[in-house]
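Examination of the molecular architecture
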Amino acid sequence: MNDVALLIGGTSTAAKDGGHFDRIDPVKGFPASKAAAARSADVNAAVEAASKAFPGWAATGPGQRRDLLLRSAEALLSHQQDFINSMIAETGATAAWAGFNVAFAAGILKEAASMTSQITGEVIPTEVPDNLAMAVRQPIGVCVGIAPWNAPVILGVRAVAMPLACGNTVVFKASEACPAVHRLIGTALTEAGIPAGVLNVITNAPENAAEVVAALIDHPAVRHVNFTGSTRVGRIVAERAAHHLKPVLLELGGKAPLIVLDDADIDEAVNAAAFGAFMNQGQICMSTDRIVVDDSIADEFVKKLSAKASTLSLRDPSLGPAVLGSIVDERSAARVADLIADASEKGATVTAGGERNGTLMPATVVDRVTPSMRIYAEESFGPVVSIVRVKGDSEALRVANDTDYGLSAAVFSRNVARAWSVARQIESGICHINGPTVHDEPQMPFGGVKASGYGRFGGKAAIDQFTTLRWITIQTGERHYPF
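Rules used throughout
- Residues numbered from 1 in each chain as written.
- Predicted model: local features only at pLDDT ≥ 70, side-chain atom pairs only at ≥ 80, totals over all residues.
- Heavy atoms only, no water.
- Axes fitted to C-alpha atoms, helices over the stretch in contact; angles between N-to-C directions.
- Helix = DSSP H or I, 4+ residues; strand = E, 2+ residues; numbered from the N terminus.
- Parallel < 35°, antiparallel > 145°, perpendicular 65-115°, else oblique.
- Left-handed = near helix turned anticlockwise from the far one by under 90°.
- Contact = heavy atoms within 4.5 Å.
- Nonpolar A, V, L, I, M, F, W, Y, C, P; charged D, E, K, R; others polar.
- Core = buried A, V, L, I, M, F, W, Y, C linked by side-chain atoms within 4.5 Å.
- Buried < 20%, exposed > 50% of the residue type's maximum accessible area, 1.4 Å probe, protein only.
- Pairing = 2+ DSSP bridges.
- Expected span 1.5 Å × (residues − 1).
- Bend = angle between axes of the 7 residues up to and from the residue.
- Disulfide = S-S within 2.5 Å.
- Salt bridge = Lys/Arg side-chain N within 4 Å of Asp/Glu carboxyl O.

Details of the packing of helix 5 (residues 152-165) against helix 6 (residues 179-191)
Interaxial distance between helix 5 and helix 6 falls to 9 Å at its minimum, and their mutual angle equals 40°. By the angle between their axes, helix 5 is oblique relative to helix 6. In this structure, the crossing between helix 5 and helix 6 has a hand that is right-handed. Contacts between helix 5 and helix 6 involve Pro 152, Val 153, Gly 156, Val 157, Val 160 and Leu 164 from the former and Val 181, His 182, Ile 185 and Leu 189 from the latter. When the residues that make up the contact of helix 5 with helix 6 are grouped by side-chain class, the tally is eight nonpolar, two polar and no charged.

So, the packing of helix 2 (residues 62-78) against helix 4 (residues 95-115)
Viewed as axis vectors pointing N to C, helix 2 and helix 4 meet at an angle of 175°, and their least axial separation amounts to 8 Å. The angle between helix 2 and helix 4 places the two elements in the roughly antiparallel class. Here helix 2 contributes Arg 66, Leu 69, Leu 70, Ser 72, Ala 73, Glu 74, Leu 76 and Leu 77 to the contact with helix 4, which in turn contributes Val 102, Ala 103, Ala 105, Ala 106, Leu 109, Lys 110, Ala 112 and Ala 113. By residue class, the composition of the contact of helix 2 with helix 4 is 12 nonpolar, one polar and three charged.

Describing the nonpolar core
Residues Val 153, Val 157, Met 162, Phe 172 and Leu 189 are the most contacted members of the largest nonpolar core, which totals 65 residues. Counting residues per element, this core draws most heavily on helix 4, at 11 residues. Excluding residues that lie within four positions of it along the chain, Met 162 makes contacts with Ala 112, Met 115, Gly 459, Ala 462, Ile 463 and Phe 466. Among the nonpolar cores identified, the runner-up in size contains 30 residues, and Ala 36, Ala 49, Ala 50 and Val 142 belong to it.

Re the sheet that holds strand 5 (residues 31-36)
Taken in spatial order, the three strands line up as 1-5-4 in an open sheet, and their pairing is mixed. Only two strands of the sheet have a single partner each, and these edge strands are strand 1 (2-4) and strand 4 (20-24). Between one strand axis and the next, the sheet turns by 20° as a mean value, whatever way the strands run. The pairing of strand 1 with strand 5 spans three bridges and is classified as parallel. Bridge pairing in strand 5 links Asp 3 to Lys 34. Where helix 3 (residues 80-91) meets the sheet, it contacts strand 1, strand 4 and strand 5, and its direction lies at approximately 100° from that of strand 5.

As for helix 7 (residues 209-218)
Among the 10 residues of helix 7, seven are classified as buried, and the element is accordingly described as predominantly covered. When helix 7 is considered as a whole, its buried residues turn out to be Ala 209, Val 212, Val 213, Ala 214, Ala 215, Leu 216 and Ile 217. Along its buried surface, helix 7 packs onto helix 1 (40-58), strand 8 (142-146), strand 9 (169-173), strand 10 (199-202), strand 11 (222-228) and helix 8 (231-243).

Brief notes about the sheet that holds strand 6 (residues 122-124)
Pairing within the open sheet is antiparallel, and its three strands lie in the order 6-7-21. The open sheet is flanked by strand 6 and strand 21 (467-475), the only strands paired with a single partner. Strand after strand, the sheet turns through a mean of 30° between neighbouring axes, direction not considered. In this sheet, strand 7 (residues 131-139) lies alongside strand 6 in antiparallel orientation, the contact comprising three bridges. Considered in strand 7, the bridge of Val 123 is made with Met 134. Contacting strand 7 and strand 21, helix 15 (residues 459-466) crosses the sheet at an angle of about 70° to strand 21.

Considerations on helix 1
Under the 1.5 Å per step criterion, the end-to-end length of helix 1 is 26 Å for 19 residues, consistent within 8% with the ideal 27 Å. Along helix 1, the sharpest kink reaches roughly 30°, centred on Lys 52 and followed within four residues by the proline Pro 55. The complete set of buried residues in helix 1 reads Asp 42, Val 43, Ala 46, Val 47, Ala 49, Ala 50, Ala 53 and Trp 57.

A few points about the environment of Phe 301
Tracing the chain through its elements places Phe 301 in helix 10 (residues 295-310). The exposure class assigned to Phe 301 is buried, which follows from its relative accessible area of 0%. Residues Phe 301 and Ala 103 lie 198 residues apart in sequence; the distance between their C-alpha atoms is 33 Å. When sequence neighbours within four positions are dropped, the list of residues in contact with Phe 301 reads Val 260, Ile 266, Ala 269, Val 270, Ala 273, Ile 291, Val 293 and Ile 387.

Things to note about unusual backbone geometry
One non-glycine residue, Asp 130, adopts positive backbone phi at about 55°. Looking at the element boundaries, Asp 130 is found in the loop between strand 6 and strand 7. In this structure, Leu 245 takes a positive phi of about 55° despite not being glycine. Among the structural elements, Leu 245 can be located in the loop between helix 8 and strand 12 (248-251).

With respect to the state of the cysteines
Scanning the model with the defined rule gives zero disulfides in all. Residue Cys 178 stays outside any disulfide, its sulfur separated by 14 Å from that of Cys 285, the closest cysteine. Since its relative accessible area comes to 0%, Cys 178 is described here as buried.

Quick word on the pattern of salt bridges
Taken as a whole and judged by the stated rule, the model has 24 salt bridges. Glu 74 is the partner of Lys 110 in a salt bridge, and the nearest nitrogen-oxygen pair spans 4.0 Å. Of this pair, Lys 110 sits in helix 4 while Glu 74 sits in helix 2, and the two are 36 residues apart along the sequence. With its nearest N and O atoms 2.6 Å apart, the salt bridge here joins Asp 218 to Arg 240. Of the two residues, Asp 218 sits in helix 7 while Arg 240 sits in helix 8, which places them 22 residues apart along the sequence. With a relative accessible area of 27%, Asp 218 lands in the partly exposed category. One salt-bridge network, held together by shared partners, links Asp 295, Asp 299, Asp 367, Arg 389 and Lys 391.

These figures come from the coordinates and say nothing about function on their own.
Have a look at this one:
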């Protein structure tokens, strides 16, 4: 079992009141890790450490920050097996998904390193004689990063990498579902030489989450918050931050549609749908939750997708390789099962999967889903995908946009111009033509619209999020005044 300490001011420490909590292995049912349970006093200590470290880190040159972030990427990779073991134990992830997380997260650090010299301003023409006017980007200050458990290394590193690259210091709040995984990020970056206090990591018990998040947002030294997680909690974070007029970057839930037009390459669409729906047991914000397929090809598509889903292996990930591992906990697995049962009771047909064994659930396809069913509107966040049959492009667009969410989407058609026309009308921050809804790269502007949040992670887009733009002038000659 992992013992997980807080990282505050470069030092591993217990919670001030000695509190701790256990994270339970979702498959085996026994503790996977024992973590320090931070409270408000620990939050204050972490923020104060970050505030103290900020002036020095902000003054660090781009080359030095770049070198430290590149070393951080290598340090992260050196802990790959530790990350894999902890992800399997804490979240039920497969070893393949965990290994991919580490490799992708290392890429995020490398991309952030490349951005340290891209934080540029501009000289702006002014009407004032002998005046130099500039737009200058500067670090914000202490940033809070909050990341979830489902892609914990990717999303944990994403929460801290660009803030650090831009010269900010960070307090990173780990997920209650993977404290050991998220604390390992702090270990790797500390080993790489990130100075004390520049990155702080706190873990908390689930029952203290509201207190800890409130203390982080409320602290006067905190200037920015980025949050990845559910829309429900995202609203709470945004409302609290708004009270203090603090900017927030939110990447929230999704209900990604994959539209299959009547001229689509069905085999390609099936492969993309299976990957997008069942990778990491469908527990990805971009997961293909709804397949909107033209009725003229729906029978063939459903038959092929159901056949493919039935071949996807499922097992306890600690026992060896499989395509699907565990859902994160019993409560989530029960909720997914309830969505399937509700759809079945209201006339939908389960054409593959459907029966779970604890937190292990096979790849499940539910055909003939209608708006009366919960699964039509609710984010499933499990290994189940809905089929909604439509007639023509206009109805496909209407159904695709009939959701509160707007993160990722996809369109399949052999006619790229037709697909482009459809893609432009989908209400989402991301859309892929003839590709899966699950697609991310560190340099891409990643984020959603509607209830999927606002702001963008990734590459140059993230510079706007994690710097403040100042107008600075220099009067180089005598200035005329009216009195």
